[in-house]
Amino acid sequence: MFDIVFKNARVLDGTGAPWFVADVSVKDGAVVKVGQAHGEAKTVIDATGKYLSPGFIDAHSHSDLPLVHNPTADSKVMQGVTTEVIGQCGSSGAPRQLGLYAQDREESEDDEADMPPWTDMASYLKLLEDQGVSVNVVPLVGHGTVRRQVMGVENRAPDKNELNLMKRLVDDAMEQGAFGMSTGLIYVPGRYSKTDEVIELAKVVAKHRGYYFTHLRNEGARLLEALKEAIDIGFHADLPVQVSHFKVMGEPNWGMVEHSIAMVEKARKDGLDITADQYPYIASSTGLGSPVPVSAWRGGKGSELLNDPTERQKILDALRARANWDKIVVASLENEDDQAFIGKSIAEVGNIQGISPEEAAFGLLQRNRGVVSIVNFAMSEDDVRMVMLKPWVMVGSDGRAYNAKTAKGQPHPRSYGTFVRILGRYVREYGLLRLEEAVRKMTSLPAWRLGLQDRGILREGMRADLVLFDADTVIDNATFTAPHQYPTGIEWVLVNGVVVVKEGVHTGARPGAVLRHKR
Ligand SMILES: [Zn+2]
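Cut-offs applied
- Residues numbered from 1 in each chain as written.
- Predicted model: local features only at pLDDT ≥ 70, side-chain atom pairs only at ≥ 80, totals over all residues.
- Domains from an automatic or database assignment.
- Contact = placed C-beta atoms within 7 Å.
- Nonpolar A, V, L, I, M, F, W, Y, C, P; charged D, E, K, R; others polar.
- Core = buried A, V, L, I, M, F, W, Y, C linked by C-beta atoms within 7 Å.
- Buried ≥ 20, exposed ≤ 12 C-beta atoms within 10 Å, placed from the backbone.
- Axes fitted to C-alpha atoms, helices over the stretch in contact; angles between N-to-C directions.
- Helix = DSSP H or I, 4+ residues; strand = E, 2+ residues; numbered from the N terminus.
- Parallel < 35°, antiparallel > 145°, perpendicular 65-115°, else oblique.
- Left-handed = near helix turned anticlockwise from the far one by under 90°.
- Expected span 1.5 Å × (residues − 1).
- Arc of directions from axis to C-beta.
- Pairing = 2+ DSSP bridges.

## Examining the domain arrangement of the chain
Okay, so step 1: In terms of domains, the chain is made up of domain 1 (62-285 + 378-451) and domain 2 (286-375).
Okay, so step 2: Relative placement of domain 1 and domain 2: their C-alpha centres are 26 Å apart.
Okay, so step 3: In this assembly, 14 residues from domain 1 lie in contact with 14 residues from domain 2.
Okay, so step 4: Class assignment for the residues of the side of domain 1 that touches domain 2 results in five nonpolar, six polar and three charged.

Structure below.
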């Protein structure tokens, strides 16, 4: 007796091959038959006219803490995501073992951050496992997290002991199941590291046959030298490289992706296994205060900005680096009196208040103790499409798991919409990608990137992570002004053979597996 049979589905096997019609039978967490189903099943789903594909793998997720607090991972599961690759952009849930977490909290823009009941990667993963999660989890260890454990937020190179300690923490995390290391070379404290430090740590990752994921040091005017650094790290440490959210920001730089694409393709020709992920939006999301140095806050971030004339001038200069104020829109902030500014650009806020945009930004940060999220419409649609067409580019939301019922604020809609947006808009509406190719970027490509042998392809013997969707109606509903909206058209989602989404509704099941890297 089968557990579940999808009758008469259009099967997208995840390899990019054309779809074919078949029944797909699931038993004990695995796909046991692709072809006509004989015998009985506990659940039979009429899939006529619908597409059945491997579950989507979110190659770039920031759900490390959300999975602890919101293990049903609603915003991801509801768009067909069955596996999340967490620990990105230099920041991971673990390790937290050296008692420096208070400092983390000070630095964190995450209001859910709290003293965690875990220390190293092993205990963090065990906690997820014990609680149960709705998605499979693929962990990376964050370079910034490790550096912070050892050096706090000091802006200097590590001494020999500190470097050795960082290496040990990376080695432990890899030993305990991390698939690789990520860097966020634009953020504190990752930005304080030089290339040779990252190479030394990447060599430890390479020893475990792991992967190097990187948020480049620069995604604007200096994109190409930042990409060169990533390529150098890959060659010197001898390990595969994944460039996170591949893009260029800032109107003067639009079109530069032609050159960054050429650099990646040259590096591939030279023998480096380098790939990338991408989210399908022309806006990024970050904190308004991210260019402001930590030293500008009286008692650390989340306190008050220093306000004497010299300090104030320094902060305004740092903020001026953003420049494109008409493209930067306030997404969320806490101060009651500022709520009316949500959805307005910083330039508009300045106009309303009769001050410069930098002054307006300063005021917002001051009144909201630094907690102001923004979306930055700094990318070009042409660039997004050029990148999406590359066969080595996979899909990664750069978002995190939310529950639309309880979530607050106005985060980037990518957390709810990334995968369905590609299917509904870039495949169906724009005709940019074949459906099969889009699904490949969400399934077998990331599975291969991470060495997942039993996922990402719909075939007998593979784990039953499956998505049934309606290609005629699938669409993202999350917008920049109303992000907490689940999509349309994702009908059934199975994780390890268990139904997590049934007829478009989350069942609450938590059958996700915490995956551990094997050498
Ligand atoms: Zn990033």
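What follows continues from the structure just given.
## What about the nonpolar core?
Okay, so step 1: Ranked by internal contacts, the top residues of the largest apolar core, which has 147 residues, are V24, L52, V170, A202, V205, Y212 and L468.
Okay, so step 2: Two domains each provide a minimum of three residues to this core, namely domain 1 (62-285 + 378-451) and domain 2 (286-375).
Okay, so step 3: Ignoring any residue separated from it by four or fewer positions in sequence, one finds A202 in contact with M181, Y212, I233, A237 and L239.

## Details of the packing of helix α14 (residues 414-429) against helix α15 (residues 435-442)
Okay, so step 1: Here α14 crosses α15 at 160°, and the two axes come no closer than 10 Å. Judged by the inter-axis angle, α14 sits roughly antiparallel to α15. Considering the relative orientation of α14 and α15, their crossing is right-handed. Across the interface between the two elements, F419, I422, L423, Y426 and V427 from α14 touch L435, A438 and M442 from α15.

## Overview of helix α8 (residues 223-237)
Okay, so step 1: Over its 15 residues, α8 extends 21 Å from the first C-alpha to the last, a length consistent with the 21 Å expected when each residue adds 1.5 Å.
Okay, so step 2: By the burial criterion, the buried members of α8 are L223, L227, E229, A230, I233, G234 and A237. Take α8 and look down its axis: the buried residues cluster within an arc of 150°, on one side only.
Okay, so step 3: Buried positions along α8 lie against α7 (195-207), β11 (211-215), β12 (241-243), α9 (257-269) and β13 (274-278).

## Describing the sheet that holds β11
Okay, so step 1: Within the open sheet, the six strands sit side by side as β9-β10-β11-β12-β13-β17. Their pairing is parallel. Each edge of the sheet is formed by a strand with only one pairing partner; in this case those strands are β9 (141-142) and β17 (393-395).
Okay, so step 2: Both β12 and β13 contribute to a ladder of three bridges, which runs parallel. Bridge pairing in β13 places V243 opposite A276.
Okay, so step 3: Contacting β10 (180-184) and β11, α7 crosses the sheet at an angle of about 160° to β10.

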